[in-house]
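Here is what each chain is made of, one letter per residue.
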Amino acid sequence: MKSIDELNLPENYRYAEDHEWAKLEGDKVRVGLDDYAQDQLQAIVYVELPQVGDSIKKGEPFGVVESVKAVVDCYMPVGGEIIAVNTALVDSPGLVNESPYDEGWMIDIKPTDLTEMDTLYTRGSIREAILKKVTKEGQ
Amino acid sequence: MRYLPHTDDDISAMLKVVGVGSLEELFSTVPEDCRKKEPFNLPDPLTEWELNRHMASLADTMATMPEYKVFVGAGSYEHFVPSSVLSLLGRSEFVTSYTPYQPEVSQGTLQGIFEYQTLICRLLGMEVANASMYDGASALAEALLMATRITKKKKVAISRLIHPHYREVVKTYLWPTGYEVVELPYLESGRTDLSALDGMAELAAIAIQSPNFFGCVEDLAALREKASEREAMSIASFTEALAYGLLRNPGSYEADIVCGEGQSLGIPQSFGGPSLGIFASRMKYVRSMPGRLVGKTVDMAGKQGFVLTLATREQHIRRERATSNICTNQGLCALGAAIYMASLGKHGLRELAKLNYDKTGYLKGRLEEAGFKVKFDSPTFNEFVVEFPSNFERTYKRLLDQKIVAGLPLASYYPELNNCYLMGVTETKTKEDMGILVKGIES
Amino acid sequence: MKEILGTTGLVMNEPLLWEKGGNGRCGFSMPRRDVESSPIDEGLVGPVPDFPELSEVDVVRHYTRLSQWNYGVDTGMYPLGSCTMKYNPKVNEKYASLPGFTGAHPLLPPSMVQGALKLMYDLERFLSEITGMDTTTLQPAAGAQGELMGTMLIYAFLRSKGEHRSKFLIPDTAHGTNPASVSLCDFHPIPVKSNEDGILSPEAVAEVMDEDVAGILVTNPNTLGFFEENIREIGEIVHGKGGLVYCDGANMNAVMGIVEMGKIGVDVMHLNLHKTFSTPHGGGGPGSGPVCVKKHLEPFLPVPRVVQEEGTYRLSSEYPDSIGKVHGFYGNFGVMIKAYSYIMSMGPENLKKASQLAVLNANYVKESLKTVFNLPYDRPCMHECVFSDKKLNVHKITTLDVAKRLIDCGFHPPTIYFPLVVPGAIMVEPTETESKETLDEFIETCKIIANEAEETPDLLHDAPKNAKVQRLDEVTAARQPCLAD
């Protein structure tokens, strides 16, 4: 597992409690799993994505990511309509590990309420949150 | 006691390391009011030699071949099991190991189960089979639950010609879910009346058994059609796996799930258990399947090996959202079935299945010649229903005294089939045995 | 220093079944054909399944070689926590193979199967006595099916009182089967946190217990190896709100003759005959999961039930409130035979002794290794103790590495990464049938491995080297599943 300093948490992304990232691109929001999540899960073997056209609220699950020994739900960092899903993940789920912020993206959302983005962590605050969690577990 | 290796010296040395004065003191965390005060009221221990006699005395009361001629199938079939199968299955490396969580020291079990999965797929014409369920009955219940998960519908239709016990298990399993179970009636031909489905909507699955409880081969093509029309899953159940050594398999009729009982594949009857729940489906549904799966892979040096895989479906990872709660299954029975299938080989399997079919045909013919009515005219495998005259019960009892069990009376399962008996024949019955039976019935 | 147990031996490679054999071979003595061929509608006949063709010798060699790639209790110590891998007596196998039992059809008239019915009847009573419960059913085929059935009894009991509750309490130390079983009964599992001693506190239960909770499912002793000391008080809290107490008896091996479950507030529990009662696990079953209940749940037990009248036994289905059936026949009878003969061989005093020695062995291992591995809960344990890899992490060594190195050294690894409340858990259950010498050898080996973790960590990273295969690529197995050839 990576140490806190090894984690890649890019500046221009926002982060959710469960380590989904969200990035505003024009009028859509692109979503994926952050480096911390993919590192904790280790090799991802399966990704389940929603249907294009589904409308899902912020905080509700939109998909499932599985590694060999773990399975996690992925939650909407912001609510809205799914306008695209990354079908490449069906055959190459490992992209989430190899390129979490780029080729490993999961969904594109047409957000209902853009201000929901402001409720998310920034690079700095998510780093703090992770640090807190790691220290607590280490005790 | 020979199973407990500790000497008195061992015990005192170990207590010292633990830091307590006596065995009783080890239980200091058990509160006083939780303690058992009196000794067990259980029989005094027997020596191995005393127990030999006791167990033999129990086993001796049981009616088994060759002394008894039992013409009953109904979900448990008397087939010959080669000594080689039993001997291999008794190897303690297979018997005394746990579920293969550590693949490097469980390759025997894992390859054995991978081979079992493959042979079952070939037998049933399916793409994926799991490492086993408890028995044919719970396999059917799990199949129906799987269909409700996939289709997100809450009603299932099952044929009344599915083994009555299986239907009871299905109802028990589905009871707390509130899902509706509709039973499909049967026709005079001894097949399920699929026209009863007309007008029925919102079905998750339609399940029929073939050969069915009356031994009749069902129309699996019609099942497929009816299921497709309703966007329901088609489930083919069975109790006599050997039938698919001869009959067209359910996979060739595009069944979505095939599940049933594998006891016929080299597993002793053992008063109904342990047996083998077989469960097979399509790769597109694999992530909704219950039970364990073994997959082929390679090790760090590139050498072929096997592991439990797709485990995220299972209870130890997905917990309350698992595809089933099953953990321990019938692993050793699955291995036994694989050894049996490997021993038979393709031609042996076909020959044995045909021999079973022919022997059944022979008895059917003899009984018809003797003037008894074969109740249903559909083709059958290993079992068929005969209607005897109304005073047959007396004859049945007399034959029991002669150590012949002349079929299973059906009235308690199907009240409308008073005086009807389900006859079961396998390769263990000789022409002479069947002659004795027919003579006994006639006289 | 003594030599390490594990070494290499000649192990054969063996291809898949269908990669060997020859056309026309058969390993089966075909019964004589003494009847004519019967006509069959060709439309019903399918192609011959593509099975390999092998002689009897081919088959025997194949499976003998496969068996040699397995580690069993007969090979050596198998300290798999919560699985109770005790010695499986040979004589029990013999009894289960008696032709009178193996050849018995389940639907014969009762007069023809008295021995089997008597055995089941007596075994039910033995298990009721051992647990202190009132009645037992042997029908569930394994522990998880027992859990499902036991939960269903609670569902049925509440229904009979016109109640429909939606939640079930499950401690965070529970086996995965627990939440999976209750959710099959349409209950929503509510997790309950264990306290700093690794057990449930009455307060934690009281906090989540309400009138919508059907009951609590407690594994006792729990998976950390601790007796749930507050069980009586917890029972009172749950009963006070109209719920019931289910005890997962997977770890009954620790408390036979010590604790009477029926007297401490338990309403229903299951046992695993393939754990406590010495029946072998068969590489994944068959098991058997009898369910024992108190009087108030008896009407709901599955049918048929064995009844006795003047020394004669029969099966009865005349129980109108029964939940029905969970097995096609009566459960795994062959497994029941082995448990019955185990109890008959042991007798009352040795059963209690077995529990005492199981607990002695676990505490001995705990005390001997607590300075070697991290011990998150340093308290007296029952049948098993749970360590973690925390001390080893600094050397970039994990629990998995320790487990794999143990294989090279000749031991089956303990249960790893469970219970979930201990990160990197190493859960050791020695069982009572391991001698002090074997335990000492295991302890010594663990010490050597802990040392290696520091000095030669690659020995652990690369382990196992002595097994048939090295670590396997589970990622590819899951990404591109190959489940049949």
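Keep in mind the model is a prediction, meaning the values are calculated, not measured.

Asks: Explain the overall build of chain A to me, and be specific about the residues and the numbers.
Replies: Looking only at helices and strands, chain A features four helices and nine strands. Put simply, chain A runs from its N terminus to its C terminus through helices and strands in the order β-β-β-α-β-β-β-β-β-α-α-β-α. For a compact globule of 139 residues, the expected C-alpha radius of gyration is about 14 Å, and chain A comes in at 14 Å, within 12% of that figure. Burial statistics for chain A: of 139 residues in total, 38% are counted as buried. Across chain A, the fraction of contacts at a sequence separation of at least 24, relative to all contacts at a separation of at least 6, is 63%.

Asks: Go over the interface of chain A and chain B with me, naming the residues and quoting the values.
Replies: Of the residues lining the interface, four residues belong to chain A; the matching set on chain B comes to four residues. For the side of chain A that touches chain B, the per-class residue count stands at two nonpolar, no polar and two charged.

Asks: Describe the sheet that holds strand S15 (residues 420-424) of chain B, listing the residues and the values that go with them.
Replies: Residue and element names in this part refer to chain B. The strand order S11-S12-S15-S14 describes an open sheet built from four strands, whose pairing is antiparallel. Looking at which strands have only one partner, the edges of the open sheet turn out to be strand S11 (373-374) and strand S14 (408-409). Pairing of S14 with S15 involves two bridges; the strand directions are antiparallel. Its bridge partner lying in S15, Leu408 is registered against Leu422.

Asks: Explain helix H4 (residues 114-131) of chain C to me, and be specific about the residues and the numbers.
Replies: An α-helical segment advances 3.6 residues per turn. Residues three or four places apart therefore align on the same side. Residue and element names in this part refer to chain C. Between the first and last C-alpha of H4 there are 26 Å, a value that for 18 residues agrees with the 26 Å anticipated at 1.5 Å per step. Within H4, burial applies to Gly115, Ala116, Leu117, Leu119, Met120, Leu123, Phe126, Leu127, Ile130 and Thr131. Gly132 sits one or two residues past H4 and shows a positive phi near 75 degrees.

Asks: Can you lay out helix H5 (residues 107-124) of chain B for me, pointing to particular residues and giving the numbers?
Replies: With 18 residues, H5(B) should cover 26 Å at 1.5 Å per step; its first-to-last C-alpha distance of 25 Å lies within 8% of that length. Taken across its 18 residues, H5(B) has 18 buried, putting it largely inside the fold.

Asks: Kindly report on the sheet that holds strand S11 (residues 415-416) of chain C, identifying the contributing residues and their values.
Replies: Strands belonging to one sheet form pairs held by backbone hydrogen bonds; the direction of such a pair is parallel or antiparallel. Residue and element names in this part refer to chain C. Read from one edge to the other, the open sheet built from three strands follows the order S10-S12-S11, with strand pairing classed as antiparallel. With one partner strand each, in any of the chains shown, strand S10 (385-388) and S11 form the two edges of the open sheet. As paired elements, S10 and strand S12 (residues 425-428) share four bridges and run antiparallel to each other. Pairing of Val386 across the sheet is with Met427, part of S12.

Asks: Describe the packing of helix H5 (residues 143-160) of chain C against helix H6 (residues 177-184) of chain C, listing the residues and the values that go with them.
Replies: Residue and element names in this part refer to chain C. The geometry of H5 relative to H6 is characterised by a closest axis approach of 8 Å and an angle of 40 degrees between their N-to-C directions. As far as their axial angle goes, H6 and H5 are oblique. For the pair H5 and H6, the sense of crossing is right-handed. Only Thr177, Asn178, Ser181, Val182 and Leu184 of H6 make contact with H5, whose side of the interface consists of Gly143, Ala144, Glu147, Leu148 and Thr151. Of the residues in the contact of H5 with H6, the class split is four nonpolar, five polar and one charged.

Asks: I'd like to hear about the pairing of strand S2 (residues 20-25) of chain A, residue by residue, with values.
Replies: Along any regular strand the residues' side chains alternate between the sheet's two faces. All names here are of chain A. One ladder, built from two bridges, connects strand S1 (residues 14-15) with S2; its direction is antiparallel. Among the inter-strand pairings, Arg14 is bridged to a residue of S2, identified as Ala22. Hairpin connection, S1 to S2: the antiparallel pair is bridged by four residues, and His19 has positive phi, about 70 degrees. The pairing of S2 with strand S3 (residues 28-33) spans six bridges and is classified as antiparallel. Bridge pairing in S3 places Glu25 opposite Lys28.

Asks: Go over the domain arrangement of chain C, please, and point to the residues and values.
Replies: Residue and element names in this part refer to chain C. By the assigned domains, chain C splits into domain 1 (92-102 + 109-344) and domain 2 (350-470). Each of domain 1 and domain 2 was reduced to a C-alpha centroid, and the two centroids are 30 Å apart. Domain 1 puts 19 residues into the contact, and the matching count from domain 2 is 18 residues.

Asks: Describe in detail unusual backbone geometry, supporting the description with residues and values.
Replies: Residue Ser210(B) is joined to Pro211(B) through a cis peptide bond whose omega torsion reads -10 degrees. Positionally, Pro211(B) belongs in the loop between strand S5 (205-209) and helix H8 (220-229). Put simply, Val303(C) and Pro304(C) share a cis peptide bond, and its omega is -5 degrees. Residue position: Pro304(C) is located in the loop between strand S7 (291-293) and strand S8 (305-309). A positive phi is found at Lys152(B), a non-glycine position, where the angle reads about 60 degrees. As for its position among the elements, Lys152(B) is in the loop between helix H6 (136-151) and strand S3 (155-159). Judged by the 8 C-beta atoms lying within 10 Å of it, Lys152(B) falls in the exposed class. Residue Arg319(B) is not a glycine yet carries a positive backbone phi of 50 degrees. In this structure, Arg319(B) sits in the loop between helix H9 (315-318) and helix H10 (331-369). The buried category is assigned to Arg319(B), around which 22 C-beta atoms lie within 10 Å.

Asks: Just give me the short version of the interface of chain B and chain C, but keep the residues and values in it.
Replies: Interfaces are often described in size by the accessible area the parts lose on coming together. At the junction of the two partners, chain B supplies 167 residues and chain C supplies 170 residues. Take the side of chain B that touches chain C: its biggest share by element is 22 residues, from H10(B). Considered class by class, the residues forming the side of chain B that touches chain C number 84 nonpolar, 52 polar and 31 charged.

Asks: Residues and numbers for the confidence of the model for chain C, please.
Replies: One rule of thumb: low pLDDT means the predicted coordinates there are not for detailed reading. Of all residues in chain C, 100% attain a pLDDT of 70 or more, and the chain-wide mean is 97. Note on the complex model: pTM 0.97, ipTM 0.98.

Asks: Account for the environment of Phe392(B), naming residues and giving values.
Replies: Residues and elements named next belong to chain B. If you trace the backbone, Phe392 turns up in helix H11 (residues 392-401). Classification of Phe392 as buried rests on a count of 20 C-beta atoms within 10 Å. In the structure, Phe392 is positioned 41 residues away from Glu351 in sequence and 35 Å away in space, judged by C-alpha atoms.

Procedures and definitions
- Each chain has its residues counted from 1, following the order in which its sequence is written.
- Each chain is given a letter, starting from A, and each ligand a number, starting from 1, according to the order in which they appear as written.
- In view of the model being predicted, local features appear only for residues whose pLDDT reaches at least 70, and side-chain atom pairs are presented and counted only at 80 or more, with totals across whole chains, interfaces and linings using the full set of residues.
- A run of H or I in DSSP becomes a helix once it reaches four residues, and a run of E becomes a strand once it reaches two; helices and strands are each numbered from the N terminus.
- Each radius of gyration is computed over the set of C-alpha atoms, and the globule rule expresses the reference value as 2.2 Å times the number of residues to the power 0.38.
- The burial label depends on the number of other C-beta atoms within 10 Å of a residue's C-beta. Counts of 20 or more mean buried, 12 or fewer mean exposed, and intermediate counts mean partly exposed, with C-beta atoms placed from the backbone.
- By definition, residues are in contact whenever their C-beta atoms, placed on the basis of the backbone, come within 7 Å of each other.
- Charged means Asp, Glu, Lys or Arg here, nonpolar means Ala, Val, Leu, Ile, Met, Phe, Trp, Tyr, Cys or Pro, and polar covers whatever is left, Gly included.
- Two strands qualify as a pair provided DSSP detects at least 2 bridges between them.
- Each helix should span, by expectation, one fewer than its residue count multiplied by 1.5 Å.
- Think of each axis as a best-fit line through the C-alpha atoms, taken over the contacting stretch in the case of a helix, with angles from 0 to 180 degrees between the N-to-C directions.
- Each angle gets one of four labels, with under 35 degrees taken as roughly parallel, over 145 as roughly antiparallel, 65 to 115 as roughly perpendicular, and the rest as oblique.
- Note: crossing handedness is left-handed where the near helix turns anticlockwise from the far helix by less than a right angle, and right-handed where it turns clockwise.
- Domain extents, as shown, originate in an automatic or database domain assignment.
- A score from 0 to 100, pLDDT tells how confident the predictor is in each residue.

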